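Now for the letters of each chain:
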Amino acid sequence: SSLSKSRLGISTVEPVVQAKDTVIELLKSGQDESSPILSPFLKILQESYVESQIDARYSQNPDYNGDWENVNTPAFQGRLGLTSDGLPLYTIGRLTFNQIPSAKDVVCTVEKMIQHVHPCTEIPTQVPEPLQATLEKYPHQLRSNHIDTLFHIPDSPIRGILRMEGYTLPNEEEANKYDTWFLGGRCIPQENVSLEEWAKVFDDKLEYSLSSPMVAYQTVIYLDETLRVSVGNRGTVMIVQRE
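Please read all numbers here as calculations on a predicted model, not as lab measurements.

*Asks:* Honestly, helix α4 (residues 129-137) in this entry has me stumped. Any pointers?
*Replies:* In an α-helix, one full turn covers 3.6 residues, which means residues spaced three or four apart are oriented alike. All of the buried residues along α4 are Leu131, Thr134 and Leu135. With its buried residues spanning 100° around the axis, α4 presents them on a single face. Those residues of α4 that are exposed and angled more than 90 degrees off the buried face are Glu129, Glu136 and Lys137. Looking at the buried side of α4, the elements it contacts are β7 (159-170) and β8 (177-189).

Rendered as structure tokens:
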């Protein structure tokens, strides 16, 4: 009956909505994405996603493409600690593969990360060998995977953006899995930052390229129109909201 369907809808939807809201609330309150407090709620999201049989590689509703902002700042290897406000501390070198020599030891806080994933028609200058055959077969599946990391150097007026240029292709064999690679990046000041202050820390070499881009991957474990949860090849959990 319609009543039983309605009850079924309530019983299956509400726990997912509650789990989603709880995950976001906990992360914004300062909980780490690896915290055991989050685990049961992430499990609810993952199980509901498995039941939905959605494959992010091909789904258009929900859509993998878009501009996504991190709810959490992932705990990458090399994190130096947290500020009193709960922001993670890294060196510029760690965030740029040591490609900006003048600032590789400068410590900064990561304030925000935004991932830009959009269909891409221009073939990148470098494609890792393991992915060349996939790109030749499915050029229409190529997407940008550019990441803007907004940072601040503590006790200074300097705020900048580390912009990494990357690309992604759906993995041919595994559902919900994307292979990614990065070609390089650049470091630019945020708006209203004094160029005079900026020059005290950064020299002119603020762009870099990677001669041998490595293939990484991320597996989507939950996706809807506003939230995506994925796990990287090093086990890093990425939880992002559509901008």
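*Asks:* I keep staring at the nonpolar core and nothing clicks. Help me out?
*Replies:* Soluble globular proteins tend to bury their nonpolar side chains together. In this structure, Val23, Leu45, Ala56, Tyr222, Leu227, Val229 and Ile239 are the most contacted members of the largest nonpolar core, which totals 25 residues. A per-element tally of this core places helix α1 (residues 2-28) first, with 6 residues. Discounting residues that sit within four places of it in the chain, Tyr222 has contacts with Val16, Lys20, Leu45, Ser48, Tyr49, Leu227, Arg228 and Val229. If you look at the next biggest cluster of nonpolar residues, it comprises 22 residues, including Ala103, Ile147, Cys187 and Leu206.

*Asks:* Teacher, can you tell me more about helix α2 (residues 39-52) here?
*Replies:* Here α2 is 14 residues long and its end C-alpha atoms lie 20 Å apart, about the 20 Å a rise of 1.5 Å per residue gives. Along α2, the positions that sit buried rather than exposed are Leu42, Leu45, Ser48 and Tyr49. Looking down the long axis of α2, one finds its buried residues gathered within 125° of arc, a one-sided arrangement. The outward face of α2, more than 90 degrees from its buried face, is lined by the exposed residues Lys43, Val50 and Glu51. Downstream of α2 by a residue or two, Gln53 has a phi angle that is positive, lying close to 60°.

*Asks:* Any chance you could explain the pairing of strand β1 (residues 66-70) here in plain terms?
*Replies:* Side-chain direction in a regular strand flips from residue to residue, so the side chains alternate between the two faces of the sheet. Only one face of β1 is covered, namely the face carrying Gly66, Trp68 and Asn70; the face carrying Asp67 and Glu69 is uncovered. Across 4 bridges, the pairing between β1 and strand β4 (residues 107-117) is antiparallel. Across the sheet, Asp67 pairs through a bridge with His116, a residue of β4. Pairing of β1 with strand β12 (residues 237-242), which is carried by 3 bridges, proceeds in the antiparallel orientation. Residue pairing across strands places Asn70 opposite Val240, the latter belonging to β12.

*Asks:* Before we go on, may I ask you to explain the state of the cysteines in this structure?
*Replies:* Here, disulfide denotes a covalent bond that connects the sulfur atoms of two cysteines. According to the stated counting rule, one finds 0 disulfides in the structure shown. Cysteine Cys187 is unpaired, with the sulfur of Cys108 as its nearest cysteine sulfur at 8.7 Å.

*Asks:* I would appreciate a short explanation of the packing of aromatic side chains in the present structure.
*Replies:* Aromatic ring pairs are reported here in terms of the distance separating the ring centres and the angle at which the planes meet. Within this structure, the stated rule accounts for 6 aromatic pairs. Ring-pair connections join several aromatic residues into one group, and the members of that group are Phe151, Trp198 and Phe202. Across from the ring centre of Tyr217, 4.2 Å away, lies the NZ or CZ of Lys177, which sits over that ring. When the ring centre of Trp68 is taken as reference, the NZ or CZ atom of Arg228 above it lies at 5.0 Å.

*Asks:* Looking at this model, I keep getting lost on the environment of Val127. Mind explaining?
*Replies:* Position of Val127 relative to the elements: it lies in the loop between β4 and α4. According to the relative accessible area criterion, Val127 is buried, its value standing at 16%. With 86 residues separating them along the chain, Val127 and Phe41 place their C-alpha atoms 37 Å apart.

*Asks:* How should I be thinking about the pairing of strand β10 (residues 216-223) in this particular structure?
*Replies:* Alignment of β8 against β10, held across 4 bridges, turns out to be antiparallel. When the bridges of β10 are listed, Tyr178 appears paired with Gln218. Between the end of β10 and the start of strand β11 (residues 227-232), which pair antiparallel, lie 3 residues.

Calculation notes
- Residues numbered from 1 in each chain as written.
- Predicted model: local features only at pLDDT ≥ 70, side-chain atom pairs only at ≥ 80, totals over all residues.
- Heavy atoms only, no water.
- Buried < 20%, exposed > 50% of the residue type's maximum accessible area, 1.4 Å probe, protein only.
- Helix = DSSP H or I, 4+ residues; strand = E, 2+ residues; numbered from the N terminus.
- Arc of directions from axis to C-beta.
- Contact = heavy atoms within 4.5 Å.
- Core = buried A, V, L, I, M, F, W, Y, C linked by side-chain atoms within 4.5 Å.
- Expected span 1.5 Å × (residues − 1).
- Pairing = 2+ DSSP bridges.
- Disulfide = S-S within 2.5 Å.
- Phe/Tyr/Trp six-rings, centres within 6.5 Å; stacked < 30°, edge-to-face > 60°.
- Lys NZ or Arg CZ within 6 Å of the ring centre and 35° of its normal.

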